[in-house]
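# Understanding the architecture of this molecule
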Amino acid sequence: MTLVTFVIPVRHQDNASDWSLLKANLVQTIASISNQTNDDWRGVIVANEGADLPDLPERFVVERVAFPPNDMHELGKASREDFYDAFRADKGRRVLMGMLRARDSRFFMIVDDDDFVSARIVQHASENSDANGWTIDHGYIWDHGGKLLLGDDDFNHLCGTSLIIRSDLYDLPERFQEASLDWIKSMLGSHVRIADILAKRGTPLATLPFRGAIYRVSHSGSHSKAPSILVKYFLSWEAFKRPRRMLRNVSRLRLVGEAEKREFFGTPASRLDS
């Protein structure tokens, strides 16, 4: 049994505006995961047949799928709820295929293909292997290619890379065909629903006691279209309406130093200036 499996769902290549950028970001995410201080882990990348992927290091495998493109990948004229619903379905079924590939894992962590994780996650899981799992309430936001990190203390409601959950709590089906679409969307396609679902079952998640991930924003391939740190947290009308919150955000800024590079970005593949 592997202690932690990181599952990275990759969108259909037809849904990527810039596949070269997606690949470059994925290389950095892979380097971040590979930097774990405890080696009891593996990674599963879920990608469509024909998708061009980078060379993978040891402990990574690819689960190829034949799912069609998400025809609501962009908001367009669809309602916001239909847009999010389509996203949850597309992401969730990819995650399910990755989990079924590694169903003997003790814990699963879903990682978006452009984010970064702390090097301490697997070690923490090894020291608390009977836990239900953790929400990453405390993380960082990083502008693509930038030199600053912004600490965020509501991270699990902001970023999909924010859950480490014991595998048996998912109640995975034996086969993909046995999973209902509603279950896929709620348990695997949404990062904001499952914590409440598990709490109501009597298996609540704890809070990871350190900043556990980095949410990359302000790049052309971002599905969420999240704006830069400067625009959203310091120059927006919302920011000016709440000057105390703006000052608090100033206090949470920090430079990307050597310690952060070692913990989150890995070496040598994840270069911040790329």
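Anything mentioned here points back to the structure above.
A few points on the structure. (Residues numbered from 1 in each chain as written. Predicted model: local features only at pLDDT ≥ 70, side-chain atom pairs only at ≥ 80, totals over all residues. Heavy atoms only, no water.)

Let's shift gears to the nonpolar core. Grouped together as the largest cluster of nonpolar side chains are 37 residues, with contacts concentrated most on Val4, Phe6, Ile8, Val10, Ile33, Met109 and Ile164. Broken down by secondary-structure element, the contributors of at least two residues to this core are β1 (4–9), α1 (19–34), β2 (41–48), β4 (107–110), α3 (121–127) and β11 (213–217). Sort the elements by how many residues they give to this core and α1 lands first, with five residues. If near-sequence neighbours (up to four positions away) are discounted, Val10 is found in contact with Trp19, Leu22, Leu26, Ile45, Val46, Ala47, Arg94 and Asp113. In terms of nonpolar packing, the next biggest core, distinct from the first, is built from 26 residues, Val44, Val95, Tyr170 and Leu205 among them. (Core = buried A, V, L, I, M, F, W, Y, C linked by side-chain atoms within 4.5 Å. Buried < 20%, exposed > 50% of the residue type's maximum accessible area, 1.4 Å probe, protein only. Helix = DSSP H or I, 4+ residues; strand = E, 2+ residues; numbered from the N terminus. Contact = heavy atoms within 4.5 Å.)

Take the sheet that holds strand β8 (residues 148–152) next. Strands sit in the order β5-β11-β7-β8-β12 across an open sheet of five strands; the sheet is mixed. Each edge of the open sheet is held by one strand with a lone partner, namely β5 (116–117) and β12 (253–255). Two strands pair when backbone bridges link them, and β8 and β12 are joined in this way by three bridges, in the antiparallel orientation. In the sheet register, Leu149 faces β12, and the bridge partner there is Arg254. (Pairing = 2+ DSSP bridges.)

In this section: the sheet that holds strand β10 (residues 206–207). Neighbouring strands of a sheet are bound in pairs by backbone hydrogen bonds; such pairs are parallel or else antiparallel. Within the open sheet, the seven strands sit side by side as β3-β2-β1-β4-β9-β6-β10. Their pairing is mixed. Both outer strands of the open sheet, β3 (60–65) and β10, are each paired with one neighbouring strand and no more. The pairing of strand β6 (residues 133–135) with β10 spans two bridges and is parallel. Considered in β10, the bridge of Trp134 is made with Ala206. Its contacts with the sheet place α1 against β1, β2 and β3, and it is angled at close to 175° to β1. (Axes fitted to C-alpha atoms, helices over the stretch in contact; angles between N-to-C directions.)

Attention shifts here to the pattern of salt bridges. Overall, the coordinates contain 21 salt bridges when judged by the stated rule. Across the salt bridge formed by Arg59 and Asp39, the nearest N and O atoms sit 3.6 Å from each other. In this pair, Arg59 is assigned in the loop between β2 and β3 and Asp39 in the loop between α1 and β2, connecting sequence segments 20 residues apart. Asp39 sits in the partly exposed class, given a relative accessible area of 49%. A salt bridge links Glu260 to Arg254; the nearest nitrogen and oxygen atoms lie 2.8 Å apart. Assessed through its relative accessible area of 10%, Glu260 is described here as buried. Because the salt bridges share partners, they merge into one network encompassing Glu81, Asp85, Arg88, Asp182 and Lys185. (Salt bridge = Lys/Arg side-chain N within 4 Å of Asp/Glu carboxyl O.)

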